[in-house]
Amino acid sequence: MESVSGTQSRLRERKKLETRQALSRAALRLTVERGLENIRVEDIAAEANVSPRTFNNYFSSKLEAICAIATDRAEQIGATLRRRPAAEPLWEAITAAVLEHYEGAGEAPDAEWMQRLGAVLASPPLQGEYLRVTAAMQRSLAQAIADRLGTDLDQDMLPMILGGAVTAASQVALRRWFDSSPARPLRPLLALALRQLASAFARDPEPVQGEVVLSHGAGEGPARR
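Residues numbered from 1 in each chain as written. Predicted model: local features only at pLDDT ≥ 70, side-chain atom pairs only at ≥ 80, totals over all residues. Heavy atoms only, no water.

1. Side note on the overall build of the protein
Right, on to step 1. The secondary structure content of the protein amounts to nine helices and zero strands.
Right, on to step 2. Reading the helices (α) and strands (β) of the protein from amino to carboxyl end gives α-α-α-α-α-α-α-α-α.
Right, on to step 3. Each of the 225 residues in the protein was classed as buried or not, and the buried ones make up 41%.
Right, on to step 4. Considering only contacts within the protein whose residues lie at least 6 apart along the sequence, 63% involve residues at least 24 apart.
Right, on to step 5. Working note: accessible area of the protein is about 12700 Å², and carbon and sulfur atoms make up 52% of it. (Helix = DSSP H or I, 4+ residues; strand = E, 2+ residues; numbered from the N terminus. Buried < 20%, exposed > 50% of the residue type's maximum accessible area, 1.4 Å probe, protein only. Contact = heavy atoms within 4.5 Å. Areas by Shrake-Rupley, 256 points an atom, 1.4 Å probe, with all protein chains shown as cover.)

2. Let's talk about the pattern of salt bridges
Right, on to step 1. Counted according to the given criterion, the structure contains ten salt bridges.
Right, on to step 2. Across the pair Arg29 and Glu47 runs a salt bridge, and its minimum N-O distance is 3.2 Å. Of this pair, Arg29 sits in helix H1 (residues 4-34) while Glu47 sits in helix H2 (residues 41-47); the two residues are 18 residues apart in sequence, bridging distant segments of the chain.
Right, on to step 3. With relative accessibility at 35%, the residue Glu47 sits in the partly exposed group.
Right, on to step 4. Sharing partners across several salt bridges, the network here consists of Arg34, Arg40 and Asp43. (Salt bridge = Lys/Arg side-chain N within 4 Å of Asp/Glu carboxyl O.)

3. Regarding helix H9 (residues 186-202)
Right, on to step 1. End to end, H9 covers 25 Å across 17 residues, agreeing with the expected 24 Å (1.5 Å per residue, within 8%).
Right, on to step 2. Among the residues of H9, Leu186, Leu189, Leu190, Ala191, Ala193, Leu194 and Leu197 are the ones counted as buried.
Right, on to step 3. On the buried face of H9, the contacting elements are helix H5 (90-100) and helix H8 (158-179). (Expected span 1.5 Å × (residues − 1).)

Here is the structure:
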């Protein structure tokens, strides 16, 4: 039975996460509506019904707040991957974990909103911040893969290779999503990108020495050749 202090700690963490997510959503929403140069930290804090001081407890800049949606999603995907059934083949587990966190992306978005969002993401300041975020996303996924395989991320290159491949496939799908005319749902594009990546792996008949066979059940330990 969970202790009172444990329950309180869990509730505090949930509240902190909710505040962080509210700030991040407010930052993105205001940026799309007004443009990056036309919003301040004070505006974001007010939109989320918190003080600027509270904002600064979570983020160092409005750019970080905008990109936090992607950062948090990567961490959530990693957590989901760790919870997938141990006997599930690695690639199936990765695909399921990624797509689970895009459940709300099954419908085509509003075209005007997409155009504004694309303009925001194309701004040089945000592109610079997103490069940092992308590296963090790749490492978060790679760590989850390493944990699932029972390997050391600093010793085994494969988790980082797979994390980078999945991150790159996701970014290609996102780019195709932005460029679609008329607008298309994001989730099917992500699913297609991951299937194509898996197909590319499957066409290699001779894995290199030390490679983990992606179709092998993680519950039986990584198979190496």
